[in-house]
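Chain residues, written in single-letter form:
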Amino acid sequence: MSKRIIGLTGGIATGKSTVANYLASAYNLPILDADIYARDAVSVGSPILSAIAQRYGAQILLADGNLNRQKLGEIIFARPDERNWIENLIHPYVGDRFLKAIAESSAPTLVLVIPLLFEVEMNNLVTEIWVVRCSESQQMQRLIQRNHLSQEQAEARIKSQMSIAEKAARANVVLDNSSTLENLLKQVDTALEKVSPK
């Protein structure tokens, strides 16, 4: 039997983690997370972190040798060319980790959480695409609160991604996270019951 591989995506701060956590706790589904693989890619001693330090200097590292994510964020959200350079380093590593995990898993259904699913063209890894959306004002508010950002910083992060409308238009399932948590989880239950064609 072929695997059902759900690609879970959406905009920043729209509720992807909420949906992933629910699928893991309520349905016991394995969750593979691009952000975790991306963090592994820049772990202390990794060739990717060395390349980043070489490009930006010691200021990009914290005292313990870890990547200074805040500093890197300031660079890549202000300069798209630098963001592309970083993404071209990290995304092939993340893609390889996904392929390996999918091949090794015996679970009939897997959930791949990939915030930049369309932007980095990883949709070929999945059999269906779920997009979590909410209103832009809610997204902005949640992002400012969660990441302690200014309005300008939050806007830069939202604008760096494909628009939610465009993602929703390319999805098999659109989950609307603009009302209650209960409402969102009901939509997840419904989506999981029906297998969407690619």
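What comes next concerns the included structure. As the structure is a prediction and not an experimental result, all values here were calculated from the model.

**Some points on the side chain of S160**
Structurally, the position occupied by S160 is in the loop between α7 (151–159) and α8 (164–169). Side-chain polar atoms of S160 contact the backbone oxygen of R157, separated by 2.8 Å. Ignoring sequence-local partners within four residues, the contact set of S160 consists of F77 and R83.

**Side note on the pattern of salt bridges**
Enumeration according to the criterion identifies 8 salt bridges in this entry. A salt bridge links E87 to R83; its shortest N-O distance comes to 3.7 Å. Of this pair, E87 and R83 are both found in helix α5 (residues 80–104), 4 residues apart, which corresponds to roughly one turn of the helix. Each member of the salt-bridge network shares a partner with another, and the members are R55, R79 and E82.

**Focus on helix α2 (residues 34–41)**
A turn of α-helix holds 3.6 residues, and therefore any two residues three or four places apart point the same way. All buried positions along α2 are accounted for by A34, Y37 and A41. Buried residues along α2 cover an arc of 65 degrees about the axis, so they all sit on one side. Buried residues belonging to α2 abut β2 (31–33), α3 (47–56), α5 and β3 (109–113). A distance of 2.8 Å separates the backbone nitrogen of D35 from a side-chain oxygen at the start of α2, and that oxygen is part of D33.

**Structural notes on the layout of surface pockets**
Any empty space left between the atoms is revealed when a probe the size of a water molecule rolls over them. Here the second largest pocket is characterised by a volume of approximately 230 Å³. If you go around the second largest pocket, you meet 15 residues; those closest to its centre are E136, Q139, I158, S163 and I164. Secondary-structure elements contributing two or more residues to the lining of the second largest pocket are α6 (136–147), α7 and α8. For the lining of the second largest pocket, the class distribution of residues is 6 nonpolar, 5 polar and 4 charged.

**Here's the deal with the pairing of strand β1 (residues 4–10)**
Summarising burial for β1: 7 of the 7 residues are buried, a large majority. Of the two faces of β1, the one lined by R4, I6, L8 and G10 and the one lined by I5, G7 and T9 are each fully buried. As defined by bridge partners, β1 adjoins β3 across 5 bridges and the pair is classed as parallel. Bridge assignment links L8 to a residue of β3, and that residue is V113.

**Focus on the packing of aromatic side chains**
Under the criterion given, the structure shown has 3 aromatic pairs. Consider the rings of Y37 and F98, whose centres lie 5.1 Å apart with planes at 80 degrees: the pair is edge-to-face. Here F98 lies in helix α5 and Y37 lies in helix α2, a separation of 61 residues in the sequence. When sorted by exposure, Y37 lands in the same class as F98, which is buried. If you follow R55 out to its NZ or CZ, it ends over the ring of W85, 4.2 Å from the centre.

**Quick look at the pairing of strand β5 (residues 173–176)**
Side chains V173 and L175 of β5 all project onto a buried face; the interleaved residues V174 and D176 project onto a face where none is buried. By the bridge criterion, 4 bridges tie strand β4 (residues 128–133) to β5 in an arrangement that is parallel. Bridge pairing in β5 places V131 opposite V174.

**Details of the sheet that holds β5**
Overall, parallel pairing links the 5 strands, which are arranged β2-β3-β1-β4-β5 in an open sheet. What marks the edges here is a single partner per strand, and that holds for β2 and β5. Taken pair by pair, the neighbouring strands of this sheet meet at an average axis angle of 25 degrees, ignoring direction. Two strands pair when backbone bridges link them, and β1 and β4 are joined in this way by 5 bridges, in the parallel orientation. Among the inter-strand pairings, L8 is bridged to a residue of β4, identified as W130.

Basis of the calculations
- Residues numbered from 1 in each chain as written.
- Predicted model: local features only at pLDDT ≥ 70, side-chain atom pairs only at ≥ 80, totals over all residues.
- Heavy atoms only, no water.
- Helix = DSSP H or I, 4+ residues; strand = E, 2+ residues; numbered from the N terminus.
- Polar contact = N/O pair within 3.5 Å; in protein donor to acceptor, adjacent residues only side chain to side chain.
- Contact = heavy atoms within 4.5 Å.
- Salt bridge = Lys/Arg side-chain N within 4 Å of Asp/Glu carboxyl O.
- Buried < 20%, exposed > 50% of the residue type's maximum accessible area, 1.4 Å probe, protein only.
- Arc of directions from axis to C-beta.
- 1 Å grid on protein atoms, 1.4 Å probe; cavity = no way out; pocket = protein on both sides within 12 Å on 5 of 7 lines; lining within 4 Å.
- Points joined across faces, edges and corners; volume = space filled by probe spheres on them.
- Nonpolar A, V, L, I, M, F, W, Y, C, P; charged D, E, K, R; others polar.
- Pairing = 2+ DSSP bridges.
- Phe/Tyr/Trp six-rings, centres within 6.5 Å; stacked < 30°, edge-to-face > 60°.
- Lys NZ or Arg CZ within 6 Å of the ring centre and 35° of its normal.
- Axes fitted to C-alpha atoms, helices over the stretch in contact; angles between N-to-C directions.

What is shown is where atoms sit, not what they do.
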